[in-house]
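# Observations on the model geometry
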Amino acid sequence: MRVSGLANVFEANVSVELLDQNGTVIAHDFTTATCGTGCWGSFSIALAYHVDQRQTGTIVVHDDDAAGSGTFPHEERIPVVLTP
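A short tour of the structure in this document, coming up. Since the structure is predicted, the reported quantities are computational estimates derived from the model, not experimental observations.

Moving on, we come to the overall build of the protein. Looking only at helices and strands, the protein has 0 helices and 6 strands in total. Written out in order from the N terminus, the α and β elements of the protein read β-β-β-β-β-β. Here the C-alpha radius of gyration of the protein, 13 Å, is about what a compact globule of 84 residues would show, namely 12 Å. In terms of overall dimensions, the protein has C-alpha extents of about 40 × 25 × 15 Å along its principal axes. Here the analysis covers contacts within the protein between residues at least 6 apart in sequence; of these, 57% occur between residues at least 24 apart. Approximately 5200 Å² of the protein is accessible, and the part contributed by carbon and sulfur atoms is 51%.

Following this line, the structure appears as structure tokens:
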């Protein structure tokens, strides 16, 4: 699965997680946008995943929790359909 978009995040670090229908992380990685703090940069990342059956899932794109608060300052959740 390829995930791409625009981000304006600290040091251009973008994390991407793929959750299955139960909310379990089945793939994750990070990439760097073309521009960081204070400007919008593009990013694109490929995630490999495996599921046994067609199901709903969620892509979660977020920046780092640099403050250590336990939450991400910016997070987007995108519903998807996962296929075997």
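Turning to the environment of valine 51, a few remarks are in order. Checked against the element boundaries, valine 51 lands in the loop between strand E4 (41–46) and strand E5 (55–62). Setting aside residues up to four positions removed in sequence, valine 51 forms contacts with Ile26, Leu82, Thr83 and Pro84.

Below, the discussion takes up the sheet that holds E5. Reading across from one edge, E3-E2-E5-E6 is the order of the 4 strands in this open sheet, with antiparallel pairing throughout. Strands with a single pairing partner mark the edges of an open sheet, and in this sheet they are strand E3 (25–32) and strand E6 (75–82). Strand-to-strand twist across the sheet, computed as the mean angle between neighbouring axes with direction ignored, equals 20°. Pairing of strand E2 (residues 13–19) with E3 involves 7 bridges; the strand directions are antiparallel. Pairing of valine 14 across the sheet is with threonine 31, part of E3.

Rules behind the numbers
- Residues numbered from 1 in each chain as written.
- Predicted model: local features only at pLDDT ≥ 70, side-chain atom pairs only at ≥ 80, totals over all residues.
- Heavy atoms only, no water.
- Helix = DSSP H or I, 4+ residues; strand = E, 2+ residues; numbered from the N terminus.
- Rg over C-alpha atoms; globule rule 2.2 N^0.38 Å.
- Contact = heavy atoms within 4.5 Å.
- Areas by Shrake-Rupley, 256 points an atom, 1.4 Å probe, with all protein chains shown as cover.
- Pairing = 2+ DSSP bridges.
- Axes fitted to C-alpha atoms, helices over the stretch in contact; angles between N-to-C directions.

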